[in-house]
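# Observations on chain architecture
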Amino acid sequence: MLIYVIDAFNLIHSVPRLAESGAPRSELIAFLKAERLEGSSSNRLVLFFDGYPAEGVDRERACEVVFSKNRTADDAIREYLERAPHPRQVVVVSDDRAVRDSARSVGARPMKNEEFLQRGRKNAKPARRAGGSDEKELESADEITEEMRKLWVDD
């Protein structure tokens with residue numbers, strides 16, 4: 001199990017549609033839930049926001065939300081890392097160099113925002129070709145399978 005610690009506002013500013021949103025906190029949670037960037041369902045997301053909770057912030061099981069209150073989210077992340085029982089299972093997502101350095105200093109894995117966001121792009125299914133249908137794609141797959149069978153199995 002991995003724990004992805006997210007410097008939330010830092011990540012929001014890496015996704016233009018979230019940065020321009022009227023409700024970036026809620027939209028980030030919805031985005032992360034939809035994209036499943038944490039990979040396995042056994043992995044956890046912990047989002048750190050500056051300040052205090054606002055109404056309308058999603059509190060689903062999809063992720064844990066931590067508000068820094070009177071300190072910065074960066075400080076809250078550092079404290080979390082210092083108390084982490086298994087820091088090697090923690091991945092800290094931020095473009096803030098000081099936050100990534102804090103992660104590295106306790107044995108956690110630092111990850112830049114773009115690398116984290118790329119995880120979703122790698123897992124995305126390729127777009128269908130225009131005019132293609134499931135039946136045509138299945139026929140092509142069957143033809144390829146038959147060709148391979150002739151080459152490799154049938155003598």
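Scroll up for the structure.
Reading guide: rules and limits
- Residues numbered from 1 in each chain as written.
- Predicted model: local features only at pLDDT ≥ 70, side-chain atom pairs only at ≥ 80, totals over all residues.
- Heavy atoms only, no water.
- Helix = DSSP H or I, 4+ residues; strand = E, 2+ residues; numbered from the N terminus.
- Buried < 20%, exposed > 50% of the residue type's maximum accessible area, 1.4 Å probe, protein only.
- Contact = heavy atoms within 4.5 Å.
- Areas by Shrake-Rupley, 256 points an atom, 1.4 Å probe, with all protein chains shown as cover.
- Core = buried A, V, L, I, M, F, W, Y, C linked by side-chain atoms within 4.5 Å.
- Pairing = 2+ DSSP bridges.
- Expected span 1.5 Å × (residues − 1).
- Arc of directions from axis to C-beta.
- Axes fitted to C-alpha atoms, helices over the stretch in contact; angles between N-to-C directions.
- Parallel < 35°, antiparallel > 145°, perpendicular 65-115°, else oblique.
- Nonpolar A, V, L, I, M, F, W, Y, C, P; charged D, E, K, R; others polar.
- Phe/Tyr/Trp six-rings, centres within 6.5 Å; stacked < 30°, edge-to-face > 60°.

For the protein chain, the count of helices and strands is seven helices and five strands. Ordered by position from the N terminus, the helices and strands of the protein chain form the series β-α-α-α-β-β-α-β-α-β-α-α. Of all 155 residues assigned to the protein chain, the portion counted as buried reaches 35%. Contacts spanning at least 24 positions in sequence make up 50% of the contacts within the protein chain whose residues lie at least 6 apart. When the accessible surface of the protein chain is totalled, it reaches about 10,100 Å², and 49% of it is carbon and sulfur.

Before going further, it helps to spend a moment on the nonpolar core. With 22 residues, the main nonpolar core has Ile 6, Leu 28, Phe 31, Leu 32, Leu 45, Leu 47 and Phe 116 as its most contacted residues. Elements that contribute at least two residues to this core include exactly strand 1 (3-7), helix 1 (8-12), helix 3 (24-35), strand 2 (44-49), strand 4 (90-93) and helix 6 (113-123). Excluding anything up to four places from it in sequence, Phe 31 contacts Val 15, Arg 17, Leu 18, Leu 37 and Leu 117. One finds Phe 48, Tyr 80, Ala 103 and Ala 108 within the second-largest nonpolar core, a separate group that totals 16 residues.

What follows is about the pairing of strand 1. Taking burial as the measure, the five residues of strand 1 include five buried ones, the bulk of the element. Side chains of strand 1 alternate between two faces, with Ile 3, Val 5 and Asp 7 and Tyr 4 and Ile 6 buried alike. Of the strand pairs in this sheet, strand 1 and strand 2 are connected by five bridges, and their pairing is parallel. Following the sheet pairing, Ile 3 is matched in strand 2 by Arg 44. In the sheet, strand 1 pairs with strand 4 via four bridges, with the strands oriented parallel.

What follows covers helix 3. Taking 1.5 Å as the rise per residue, helix 3 with 12 residues should run 16 Å; its terminal C-alpha atoms sit 16 Å apart, in good agreement. By the burial criterion, the buried members of helix 3 are Arg 25, Leu 28, Ile 29, Phe 31 and Leu 32. Buried residues in helix 3, looked at end-on, bunch into an arc of 160 degrees, giving them a common side. Looking one or two residues past helix 3, Arg 36 carries a phi angle of roughly 50 degrees, positive in sign.

Running from amino to carboxyl end, helix 4 (residues 73-83) crosses helix 5 (residues 97-106) at an angle of 5 degrees, the nearest separation of the two axes being 10 Å. The angle between helix 4 and helix 5 falls in the class roughly parallel. Residue-level contacts link Asp 74, Ile 77, Arg 78 and Leu 81 of helix 4 to Ala 98, Val 99, Ser 102, Ala 103 and Val 106 of helix 5. Within the contact of helix 4 with helix 5, the residues separate by chemical class into six nonpolar, one polar and two charged.

What follows covers the packing of aromatic side chains. Counting across every chain of the model gives four aromatic pairs. On the basis of an interplanar angle of 45 degrees and a centroid distance of 5.6 Å, the ring pair of Tyr 4 and Phe 116 is categorised as tilted. Of this pair, Tyr 4 sits in strand 1 while Phe 116 sits in helix 6; the two residues are 112 residues apart in sequence, bridging distant segments of the chain. Taking relative accessible area as the criterion, Phe 116 reaches 0% and is therefore assigned buried. Ring centres of Phe 48 and Tyr 80 lie 5.5 Å apart, and the angle between their planes is 70 degrees; on these two criteria the pair is classed as edge-to-face. Residue Phe 48 is located in strand 2, and its partner Tyr 80 is located in helix 4; the two are separated by 32 residues in the primary sequence. As far as the burial class goes, Phe 48 and Tyr 80 line up, both buried. Put simply, the rings of Phe 9, Phe 49 and Phe 67 touch in pairs and so form one group of aromatic residues.

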